[in-house]
Amino acid sequence: MLTTQSYLIALLLYWVSAIGGVWLLKRLWFSVNPGRGAAAMLGCLAGLLLAPAFPGEATETVAPALISVIFNAVCGEGVSSAVWPCVWLVASAIAAAVVSLWWRRRGLIDVP
């Protein structure tokens with residue numbers, strides 16, 4: 001069973017790799033300042049990659065919400081077991097897209 005400390009360490013490592021992945025996507029796909037659509041897409045990708053899935057008491061593994069939704073819906077107990085991770089996933093994607101659009105509008109994204 002996971003302890004709180006091991007879960008937080010695993011989630012931190014996952015977030016670092018996800019942030020690095022989104023940064024690489026921005027650098028490789030968009031060499032100039034992204035438009036609104038590209039900023040929203042990067043925000044959605046960041047939200048999908050960074051959304052946590054909070055495990056239950058009997059859970060022995062840690063996985064992000066995207067993985068939990070896919071495996072619970074396809075291989076697990078069905079769609080009913082994937083509802084709450086899916087809610088976290090959608091809310092995270094929407095929030096990250098809004099933040100990304102706000103950053104673009106405020107000029108916080110670098111312009112070469």
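Whatever comes next refers back to the structure up there.
What you see is a predicted model, and the numbers here were worked out from it, not measured in a lab.

Asks: Explain the overall build of the protein chain here, please?
Replies: Secondary structure assignment for the protein chain yields four helices and zero strands. What you see in the protein chain, going N to C, is helices and strands ordered as α-α-α-α. Per-residue burial over the protein chain gives 27% buried out of 112 residues. Of the contacts made within the protein chain by residues no fewer than 6 positions apart, 63% connect residues no fewer than 24 positions apart. Counting every atom, the protein chain has about 7600 Å² of accessible surface; 71% of that belongs to carbon and sulfur.

Asks: Honestly, the packing of helix α3 (residues 65-74) against helix α4 (residues 83-106) in this entry has me stumped. Any pointers?
Replies: Contact geometry for α3 and α4: axes closest at 8 Å, N-to-C directions at 140°. Between α3 and α4, the angle falls in the class oblique. When the axes of α3 and α4 are compared, the crossing they make is left-handed. Along its contact with α3, which presents Ala65, Leu66, Ser68, Val69 and Asn72, the element α4 presents Pro85, Cys86 and Leu89. Looking at the contact of α3 with α4, its residues break down into six nonpolar, two polar and no charged.

Asks: Sorry if this is basic, but what is going on with helix α2 (residues 36-50) here?
Replies: One full turn of an α-helix is made of 3.6 residues, so residues set three or four places apart face in the same direction. Across its 15 residues, α2 extends 21 Å between first and last C-alpha, which sits within 8% of the 21 Å expected from 1.5 Å per residue. Regarding α2, the residues found buried are Ala38, Ala39, Leu42, Gly43, Ala46 and Gly47.

Asks: Would you take a moment to explain helix α1 (residues 4-29) for this structure?
Replies: Taking 1.5 Å per residue as the helical rise, α1 with its 26 residues ought to reach 38 Å, and the 37 Å between its terminal C-alpha atoms agrees with that figure. Listed in full, the buried residues belonging to α1 are Tyr7, Leu11, Ala18, Val22 and Lys26.

Asks: Would you mind going over the environment of Val69 with me for this structure?
Replies: Assignment of secondary structure puts Val69 in helix α3. Placed 14 residues apart in sequence, Val69 and Val83 show a C-alpha to C-alpha distance of 7.6 Å. With residues up to four places along the chain from it excluded, the contact list for Val69 reads Ala82, Pro85, Cys86 and Leu89.

Asks: Even after reading the chapter, I still don't get the environment of Val16, so can you show me in this structure?
Replies: Within the secondary structure, Val16 sits in helix α1. Note on Val16: relative accessible area 56%, which makes it exposed. Taking the C-alpha atoms as reference, Val16 lies 9.2 Å from Leu50; in sequence the two are 34 residues apart.

Asks: Sorry, what's going on with the packing of α1 against α2 here?
Replies: The description of two packed helices rests on the angle between their axes and on the distance between the axes. Taken N-terminus to C-terminus, the directions of α1 and α2 make an angle of 160°; their axes are 9 Å apart at the nearest point. On the basis of the axis angle, α1 is roughly antiparallel to α2. Note that α1 runs across α2; the crossing there is right-handed. Along its contact with α1, which presents Tyr14, Trp15, Ala18, Ile19, Val22, Leu25, Lys26 and Trp29, the element α2 presents Met41, Leu42, Leu45, Ala46, Leu49 and Leu50. Per-class residue counts for the contact of α1 with α2 are 13 nonpolar, no polar and one charged.

The rules behind the values
- Residues numbered from 1 in each chain as written.
- Predicted model: local features only at pLDDT ≥ 70, side-chain atom pairs only at ≥ 80, totals over all residues.
- Heavy atoms only, no water.
- Helix = DSSP H or I, 4+ residues; strand = E, 2+ residues; numbered from the N terminus.
- Buried < 20%, exposed > 50% of the residue type's maximum accessible area, 1.4 Å probe, protein only.
- Contact = heavy atoms within 4.5 Å.
- Areas by Shrake-Rupley, 256 points an atom, 1.4 Å probe, with all protein chains shown as cover.
- Axes fitted to C-alpha atoms, helices over the stretch in contact; angles between N-to-C directions.
- Parallel < 35°, antiparallel > 145°, perpendicular 65-115°, else oblique.
- Left-handed = near helix turned anticlockwise from the far one by under 90°.
- Nonpolar A, V, L, I, M, F, W, Y, C, P; charged D, E, K, R; others polar.
- Expected span 1.5 Å × (residues − 1).

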